[in-house]
Amino acid sequence: MTHRFAPIARLRRRPALWAAIGMFLVCGVLLTAVHADRPLPLGARAAIAAVRHDHASQVRLRGARWDNVTVSRVDGTLDRVRLALGSRVLADFAVDRAGAVVRGMDYRSQVVPYGSTIAYEPAVLGGLTLLFVLMAGVMPLRRLRNLDVLAAVSLLAPVILLQYRYLDASVVASLPSLLYLLGRCTWAGLGPRRPGAPATPLLTWLTRDWEASRRVRLMGIGLVALSLVVLMVGISSTRPVDVSYAVMEGATNLIHGVLPYGHMPGDVLHGDTYPILSYAAYAPLALVAPVSSMWDSVDGALTVAAMSALLAAAVLYRHAAGPRRRARRSPQEQEAGLRAAIVWLSFPPLLIVVSTGTTDVVLAVIILFAVLLWRRPAASSGLLAVAAWFKLAPAALVPMWLAPLRGRQLVAAIAAMTAVSAAMLAVLIGVGGLAGVPAMVHAVAYQFSRGSPQSGWSALGIEWLQPIGQAAVLALIAAVTVRMFRDRTLSSDRTRVAAIAAGVLIGLQLSSDYWAFLYVVWVVPLLATSVLGEPATMRVERAETFTVGPGEPVPVPA
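Summary of the structure given here.

1. Overview of the pairing of strand β4 (residues 101-106)
Move 1: Sheet analysis places strand β3 (residues 88-96) next to β4, joined by five bridges and oriented antiparallel. From the neighbouring strand, F93 faces β4, where its bridge partner is G104.

2. With respect to the nonpolar core
Move 1: Counting 137 residues, the largest nonpolar core has F132, I276, W344, L345, W401 and F517 as its most contacted members.
Move 2: Broken down by element, this core gets its largest block of residues, eleven residues, from helix α17 (residues 360-372).
Move 3: Those residues in contact with W344 that sit more than four places away from it in its chain are A309, A312, A313, L316, L350, V361, A364, V521, V524 and P525.
Move 4: The next biggest cluster of nonpolar side chains, apart from the first, holds ten residues, and it includes A64, V81, L83 and V95.

3. Regarding the packing of aromatic side chains
Move 1: Within the structure shown, the criterion is met by seven aromatic pairs.
Move 2: Note on Y114 and F517: the rings are 6.0 Å apart at their centroids and 40° apart in plane angle, and the pair reads as tilted. Here Y114 is found in the loop between β4 and α5 (122-136), whereas its partner F517 is found in the loop between α26 (494-511) and α27 (524-528), with 403 residues between them in sequence. Neither residue differs from the other here; Y114 and F517 are each classed as buried.
Move 3: An aromatic cluster is present here, built from Y261, Y274 and Y279 joined pairwise through their rings.
Move 4: R214 extends its terminal NZ or CZ atom over the ring of W210, reaching a point 3.9 Å from the ring centre.

4. A few points about the sheet that holds β4
Move 1: In spatial order, the strands read β1-β2-β3-β4; together these four strands make up an open sheet with antiparallel pairing. Strands with a single pairing partner mark the edges of an open sheet, and in this sheet they are β1 (68-73) and β4. Averaged over neighbouring strand pairs, the angle between their axes works out to 20° when direction is ignored.
Move 2: Bridge analysis of strand β2 (residues 78-85) against β3 gives eight bridges, and the strand direction is antiparallel. When the bridges of β3 are listed, R82 appears paired with D92.

Calculation notes
- Residues numbered from 1 in each chain as written.
- Predicted model: local features only at pLDDT ≥ 70, side-chain atom pairs only at ≥ 80, totals over all residues.
- Heavy atoms only, no water.
- Pairing = 2+ DSSP bridges.
- Helix = DSSP H or I, 4+ residues; strand = E, 2+ residues; numbered from the N terminus.
- Core = buried A, V, L, I, M, F, W, Y, C linked by side-chain atoms within 4.5 Å.
- Buried < 20%, exposed > 50% of the residue type's maximum accessible area, 1.4 Å probe, protein only.
- Contact = heavy atoms within 4.5 Å.
- Phe/Tyr/Trp six-rings, centres within 6.5 Å; stacked < 30°, edge-to-face > 60°.
- Lys NZ or Arg CZ within 6 Å of the ring centre and 35° of its normal.
- Axes fitted to C-alpha atoms, helices over the stretch in contact; angles between N-to-C directions.

All quantities given are derived from atomic positions and should not be read as evidence of function.
Below, the structure written as structure tokens:
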């Protein structure tokens, strides 16, 4: 009898698993019940006819050939008409309920979708990929770490496919890597704690006959050169992404005493869909260089993105090299810090992301600080609240952040989050009155109801499965929260916390209605401190020689 019910007894000792199962079942049923295909505001035939009879659209499409037309919902008032030749997108048009074409985009003239053309050059991407592999890869080759490196490098495929306008293929190409990294990070955080198999960083293995100080000098020169490249390419970019215009336009509204919600110029579709801190953080730049349309310069946003990338590199160096002062660090500690910084800066898509001026690089830095300050709950929780008021996704990490805390630490963490939230509410009410809060909620809600073909669910035609995917992510958050609440060993390990946070953020990206490769940078610093962190090193023998005859060197065996 005891043997028969042993599996049930083991399950009872795993409350995190039960929490995940319960959350998955409940949320799966509820999300599936409320999930429905929203009707097109105008309708497919009418929207296509509107584009066909619109003079400006016909001028824009002159000389174009297409064989595929799809119509999808943007929001409650707009339809998207997409023209493609095969699977290569040619143009997009937004058509309102009255049948007017309010926006059109011809992609044929675009060399790159957004960002600096330099960052897309094959030689640049190839060099960054090689450097990333040299810094993140290990020997022997048969290590799970190298599979992690391969998954990270393969995230360059969606970038290249998007450059050539293969939109569906771009999204689908990201799925294997993101799914692998989701599973890998989740297992690294929640699985049994085992010491990593001994390995040698690839660059160290290739230069094993060098003195460590010589390798440190080479890596230091490489880091300085790479930092200059990121800075120059980022600031000189001529194709910022629309998000950079949106936050600068919203910041310009703020300094004039107007909330961005419902008061944006309209050149960026739904440019007011971000929490208030996304705009308030850029208000100092708007004081110097206000932005009122896409004809204005957003060099300030480009500079912020580039400097944020360099700040993350400095923080990763400091974390990996250890707390001692630079003069007291051993060559091995300096090498570890340099390797972590270069892994981040050489991540192949990063240079492109920086050159778009997007806010995603800033978000990556905030999340990195929150994780590295994990042992200081008030500071860490306050930074997480800052991240959530900057973009919504980090709010999903709040339960796991609070779960392991008790007593004064819990009170201090909640107080820090409350203080940040109170400051943001003060901005909303101070500028927009009591109507400011519901105005932001209404604008941000677009992110939960948007229609977009740029997601794995749409690209694969399995939108009906999306509620199940979302329920699975909520189940993961529930399991993580329960484990963090019960397992003090887990909650005290910052490396595992970084891996879990990366897994949750990847899960949110996979389950959302919209995905862009820009979002990947949220988790790269977390990967650099967890699964791509410093490996458990194995001893590397340095070859030495002595002379046995006239000018005849013979290696000394290890």
